[in-house]
Amino acid sequence: QVQLVESGGGLVQAGGSLRLSCAASGRAFSSYAMGWFRQAPGKEREFVAAISWSGGSTGYGDSVKGRFTISRDNAKSTVYLQMNSLKPEDTANYYCAARNSISTLVRRTSTQYDYWGQGTQVTVSS
């Protein structure tokens, strides 16, 4: 079992930046692949970014590629999402997810993850 708590969301103007954090507790964080997803009202949950257990592999959704960066610090049991050049369409609730996996594969589908945080709201004003 692993518990996930997101933080760092808030209100930002278009073009601004935010850094989300997801702190994990429970079993060995370094054995988990991690992902970020987002969901806006009335829309399906969307893949944002993912990182392998070692940090050696990363992947991004097309809508955030080149603007967002995922990283992890296994010593701190934390995964980060640095979001730059934010757009109003980035407004959503952002969720952190974990999958017990030491594969190098990047998982892009929400059903591939076993544990989820409660989410943190990001609002980008125009």
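Higher on the page you've got the structure.
Residues numbered from 1 in each chain as written. Predicted model: local features only at pLDDT ≥ 70, side-chain atom pairs only at ≥ 80, totals over all residues. Heavy atoms only, no water.

Engineer: Tell me about the environment of Asn100, and name the residues and values.
Structural biologist: Residue placement: Asn100 occurs in strand β9 (residues 92-100). We classify Asn100 as partly exposed; its relative accessible area is 40%. Each C-alpha atom, one on Asn100 and one on Leu4, is 13 Å from the other, the two residues being 96 residues apart in sequence. Contacts of Asn100, omitting those with residues within four sequence positions, involve Arg27, Ser31, Tyr32 and Asp114. (Helix = DSSP H or I, 4+ residues; strand = E, 2+ residues; numbered from the N terminus. Buried < 20%, exposed > 50% of the residue type's maximum accessible area, 1.4 Å probe, protein only. Contact = heavy atoms within 4.5 Å.)

Engineer: Residues and numbers for the sheet that holds strand β3 (residues 18-26), please.
Structural biologist: Spatial ordering of the open sheet is given by β1-β3-β8-β7, a layout of 4 strands whose pairing is antiparallel. The open sheet has two edge strands, β1 (2-7) and β7 (68-73), and neither has a second partner. Ignoring which end each strand starts from, the neighbouring axes of this sheet average 15° apart. In this sheet, strand β8 (residues 78-83) lies alongside β7 in antiparallel orientation, the contact comprising 6 bridges. Each residue of the ladder has a partner; that of Thr69, found in β8, is Gln82. (Pairing = 2+ DSSP bridges. Axes fitted to C-alpha atoms, helices over the stretch in contact; angles between N-to-C directions.)

Engineer: Please set out unusual backbone geometry residue by residue, giving values where relevant.
Structural biologist: Despite not being glycine, Ser77 shows a phi value in the positive range, around 55°. As for its placement among the helices and strands, Ser77 is situated in the loop between β7 and β8. Phi is positive for Ser85, close to 50°, though the residue is something other than glycine. By the element assignment, Ser85 lies in the loop between β8 and β9.

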